[in-house]
Amino acid sequence: MKIIVLVKEVPDTYGDRKLNLETGLADRAASDVVLDEIGERALELALKYADANDGADVAVLTLAPEGATATIRKGLAMGADRAVHVCDEALLGADLGLTAEALAAAIRRQGFDLVVTGNVSTDGSGGMIPAMLAELLDVPHATGLSSVEIGDGVVSGTRPVESGVQQVSADLPAVISVTEALPEGRFPNFKGIMAAKKKPFEVLTLADLGVAADNPEMARSIMLTVAEKPPRASGVKILDEGDAGDKLADFLVANRLA
Amino acid sequence: MTDFPRDAILVVLETSASGVLEDAAPGLLGAAAAAGTPVALVLAAPGAGGSAATEAAALGAAQVLIAESADPAALGVPGVDALAAAAERVRPDAILISHSLNGRDLAGRYAVRSRSAVSADAIDVARDEEGVVAHHSVYGGAYNVASTATFGAPVITVRQGSIDARAAAQPEVSETLTVVPSGKPAARIDSFEEVVGSSSRPELRGAAKVVAGGRGLGSQEQFELVGQLADALGAAVGASRAAVDAGYIPQSHQVGQTGVSVSPQLYIALGISGAIQHRAGMQTAKTIVAVNKDGDAPIFEVADFGVVGDVFKVVPQLISALEARKK
Ligand SMILES: Cc1cc2nc3c(=O)[nH]c(=O)nc-3n(C[C@H](O)[C@H](O)[C@H](O)COP(=O)(O)OP(=O)(O)OC[C@H]3O[C@@H](n4cnc5c(N)ncnc54)[C@H](O)[C@@H]3O)c2cc1C
C-alpha cells in the first residue's frame, strides 16, 4: 500500500500572520512557520495504518519554497518513510490550479494507492486541492472525512455535509481529505528525529515534473489588490460588582442590539 | 430557451435530500445579480428538479437549467459533468458556487477540467470594466484581497452567509439540461442520515447575532446557558474549539480558523479566552461583547464591551434584565 500524505508549511496561527502589501504573498519573515496541524492529522492516519499493516509505504509530499526543508523533516521524524519536496522559483505565488498540477505530477511520478490531505489549510483556506487532484489523477475523491477506514482496495469514512451525514466509500486508488475530528499527530521522539536524517528526501523542480508555470492555455487566478484592515480597538471593560448583567443589558439596549 | 444573457453569471445550486435548495441559494443569487444576470444550474435529487427550479426563480434566477442526477449515489462527479454541460451552453462571465464541502469539490474538479481559474472563499463579488472580481477576507479578517482570472470565466466559491444582497424574484423560465456522463470514477454514498434542523434557533452562518460559549462553561449541561441567552436575543449559538473538543456542542457550531467565520452585528463570547484562532472567525463582527473571569484574557483586546466576571452570575442576570425590559 503506497500512501502519499500532503503536508504544508504555514505561518503559525498562534502568531501574527502578515501579507506583503506589494506582492500579496505571505510575508514569510514576519511569522514563525509550522507544519499545518491538519496535515499532521492526515499523516497520523497513514502512520497508524502503517503501524498495523506490513508493507505500507508512507511518503510526505509538499510544495513549498526552499527554506521549508526543516518543517517537512518533521513529517519524517513523526514516521513517514520518504519526503518529496516540489520546489521551484516559478511556483512563487502559484494559484490553486498550478499548485494542483504540480502536486498531481509529483504524485503520478511516485505511484500511489491512497492520497491523504487535510480538508483545508490554515493559510490558503481554499479546501479545493483534494478534488482538483482527484480530477487530474482520474480517481475518486472522498473529502471532509471525520472518520476513516482504510481497507483492502477500498477506503471508507464518515462525511458530514450541510444537510446531514454521509457514509462514503471509494475504490483505491483514491484521494481523501480529513477534518480535525481525526486524532492529533504524534510527537516525534528522539529516535524518529535521528532516523529522519537518513530517510530519502527528494527535491523536484517543475522541469522534473514536466509542468509549465506559464502555460498560456491555463487561466490563472491573480490578485488585484491587497489591503490591511486596521486592528480592532478595544472598548470598555468593567469588573462585575454584582450588577454587570444589568449594565450589559443597558449596553445592548442602548446600541439597539437587544 | 436557447439564448442566454450575454452577462450571464452561472450559479450552481444544490438541493438537499428532501429536495429544497441549499441555504446558500439566496446569497449566491443575490451576489450574481450584482455582477450580471443570474442563470441557475440546479443539481437536484431525482424528481426534485421542478420544485427547486421554481424556488430558484423566486430567488432571482432569470433562467434555470435542471440537472437531476442519473446516479445520485455517485459522489461529486455527476455534478461536475452537469456543470461542464451548463457552462458550455450558457457561456457565463463567471460561475458562482457555495464554499461548502460539496461546492469546493465541484469548483475544484470543474476548474481543472475546464482549465478555468478558481477564486476560493469570496465574501463579495463585483464587476468592473475588466470582468468579474472576487473579494476575500484573509488571515482571519486581517486583510482584504481582490482576485480575478487572467482570462475566461472565473469559478468563484462564495463563503456561506457572507452575502446580504438578495435578487428580485423572476418569472420561472426553466428547462432540463442534457448531460453526457464523463464516466470518471467516483466515490459512492453508501448511506445518508439527514440532520433535521435541531432547533428553532437561527443558522450560525449569516446570523445577525451570535452567542458563543467556550471551555469556561464547564460541562455540556451548563453550556445550555449559552442557548438560553441566545434565545433571549434571537441569536445563533457558536462555540470555541475547546468547547467542541470537550463535547459540549457539535462541531458545526465551531467558530474560528478551522470552523465557521462569522461577521454578525453582535457577537457575545462567554467563557472564551480569545485565542488567535478563535478571533480569526469572529473579529470582523460589528460589536463584540465578552464575559470572562480572567481580566487578562485576550478576548478583551477585541471586545467593545467586556465584563470581567463569572458567566454563571452575569449571564442569568443579563437574561432576566432583558426579559424584564421586554415586558
Ligand atoms: C490549527 C489550529 C486551529 C484552531 N482552530 C480553532 C477554531 O476554529 N476555533 C477555536 O475556538 N479555537 C481554535 N483553535 C484552538 C485555540 O488555540 C484555543 O485552544 C481555543 O480557542 C480555546 O478555547 P476556549 O477559549 O474555549 O478555552 P480556554 O482557552 O481554555 O479558555 C477558557 C476561558 O474561560 C474562562 N472561564 C472559565 N470559567 C469561567 C467562568 N465561570 N466565567 C467566566 N469565564 C470563565 C477562562 O478564564 C478562560 O479564559 C485552533 C488551534 C490550532 C492550533
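Residue positions are given per chain, counting from 1 as you read along its sequence in written order. Whichever chain is written first becomes A and whichever ligand is written first becomes 1, with later ones labelled in order. Local features in a predicted model are, by the rule used here, given only for residues with pLDDT of at least 70; side-chain atom pairs are given and counted only at 80 or more, and totals for whole chains, interfaces and linings are based on all residues. Side-chain numbers come from the whole structure's heavy atoms, not from hydrogens or water.

K.L.:
Got a minute to help me understand the pattern of salt bridges in this structure?
P.N.:
Pairing is possible between side chains that carry opposite charge, provided their charged atoms lie close to one another. A carboxyl oxygen of Asp or Glu within 4 Å of a side-chain nitrogen of Lys or Arg is what we treat as a salt bridge. The full count for this structure, using the stated rule, is 32 salt bridges over all chains. Taking the shortest distance from any N to any O, the salt bridge between A:Glu228 and A:Lys18 comes out at 3.8 Å. Of this pair, A:Glu228 sits in strand β13 (residues 221-228) while A:Lys18 is found in the loop between β2 (9-11) and β3 (33-35), placing the two residues 210 residues apart along the sequence. Among the salt bridges present, the one from B:Arg113 reaches A:Glu135, with a minimum N-O distance of 2.6 Å. Residue B:Arg113 is found in helix α4 (residues 101-114), and its partner A:Glu135 is found in helix α4 (residues 129-137); the two belong to separate chains. A:Glu135 sits in the buried class, given a relative accessible area of 4%. We count a stretch as a helix when DSSP gives it H or I for four or more residues in a row; a strand needs E for two or more, and each element gets its number in order from the N terminus. Here the term buried applies to any residue with accessible area under 20% of the maximum for its type, exposed to any over 50%, and partly exposed to those in between, with areas from a 1.4 Å probe on protein chains only.

K.L.:
Where do I start with the domain arrangement of chain B in this structure?
P.N.:
A common measure of how large an interface is: the accessible area buried when the components associate. Residues and elements named next belong to chain B. Partitioning chain B into domains gives domain 1 (8-176) and domain 2 (209-326). Domains are outlined according to an automatic or database domain assignment. Domain 1 and domain 2 are separated by 32 Å when their C-alpha centres are compared. Each partner contributes to the interface: domain 1 provides four residues, whereas domain 2 provides five residues. Buried area is a sum: the accessible area each of two parts loses on coming together, probed at 1.4 Å, counted once for each and added. Taken over both partners, the interface formed by domain 1 and domain 2 buries close to 290 Å², and the fraction arising from carbon and sulfur atoms is 48%. Looking only at domain 1, the three residues that lose the most surface to domain 2 are Gly140, Gly141 and Arg159, adding up to 86% of its buried area. Residues adjacent in sequence count toward polar contacts only when both atoms are side-chain atoms; beyond that, a polar contact is any pair of N or O atoms within 3.5 Å, and within protein one must be able to donate a hydrogen and the other to accept it. Applying the counting rule to domain 1 against domain 2 returns one residue pair in polar contact (both at pLDDT 80 or more). Split into classes, the residues belonging to the side of domain 1 that touches domain 2 amount to one nonpolar, two polar and one charged. The contact definition used throughout considers only heavy atoms, calling two residues in contact when any of these lie within 4.5 Å. Gly falls in the polar group here, along with every residue not listed as nonpolar (Ala, Val, Leu, Ile, Met, Phe, Trp, Tyr, Cys, Pro) or charged (Asp, Glu, Lys, Arg).

K.L.:
What's the story with the sheet that holds strand β1 (residues 2-6) of chain A in this structure? I'm lost.
P.N.:
Pairing between the strands of a sheet comes from backbone hydrogen bonds, and it takes one of two forms, parallel or antiparallel. All names here are of chain A. Paired strands are those between which DSSP finds at least two bridges. Taken together, seven strands build an open sheet; the order of strands is β7-β11-β6-β1-β4-β5-β12 and the sheet is parallel. The outermost strands of the open sheet, each flanked by one partner alone, are β7 (141-145) and β12 (201-204). Between one strand axis and the next, the sheet turns through 20 degrees on average, direction left out of account. To obtain each axis, a line is fitted to C-alpha atoms, and for helices this fit is confined to the stretch in contact; angles are then taken between N-to-C directions over 0 to 180 degrees. In the packing of α4 onto the sheet, contacts are made with β1, β6 (114-118), β7 and β11 (174-178), and the angle to β11 comes to roughly 180 degrees.

K.L.:
Just to check I follow, could you spell out the site of the ligand for this structure?
P.N.:
All names here are of chain B. Whether a residue is near a molecule or strand is decided by its heavy atoms; if any one of them lies within 4 Å of it, the residue is near. Looking at the ligand, there are 29 residues lining it, with Arg215, Ser240, Ser273, Gln277 and Asn292 nearest. At 2.5 Å, a side-chain N or O of serine 240 approaches an oxygen atom of the ligand. At 3.1 Å, a backbone N or O of lysine 293 approaches a nitrogen atom of the ligand.

K.L.:
What is the right way to look at the side chain of B:Ser240 in this model?
P.N.:
All names here are of chain B. Among the secondary structure elements, serine 240 is positioned in the loop between β12 (236-239) and α6 (241-245). A polar side-chain atom of serine 240 sits 3.2 Å from the main-chain amide nitrogen of alanine 243. Apart from residues no more than four positions distant in its own chain, serine 240 is found in contact with Gly213, Gly214, Arg215, Gln254, Ile272 and His278.

K.L.:
I would appreciate a short explanation of the packing of aromatic side chains in the present structure.
P.N.:
All names here are of chain B. Stacked, tilted and edge-to-face pairs are distinguished by plane angle, under 30 degrees for stacked and over 60 for edge-to-face with tilted covering the rest, among Phe, Tyr and Trp rings (Trp via its six-membered ring) whose centres lie within 6.5 Å. Summed over the entire model, instances satisfying the criterion amount to three aromatic pairs over all chains. Aromatic pair phenylalanine 223 and tyrosine 248: ring centres 6.0 Å apart, planes at 45 degrees, arrangement tilted. Of this pair, phenylalanine 223 sits in the loop between β11 (209-213) and α5 (224-233) while tyrosine 248 sits in the loop between α6 and β13 (266-270), and the two are 25 residues apart along the sequence. In this structure, phenylalanine 223 and tyrosine 248 share a single accessibility class: buried.

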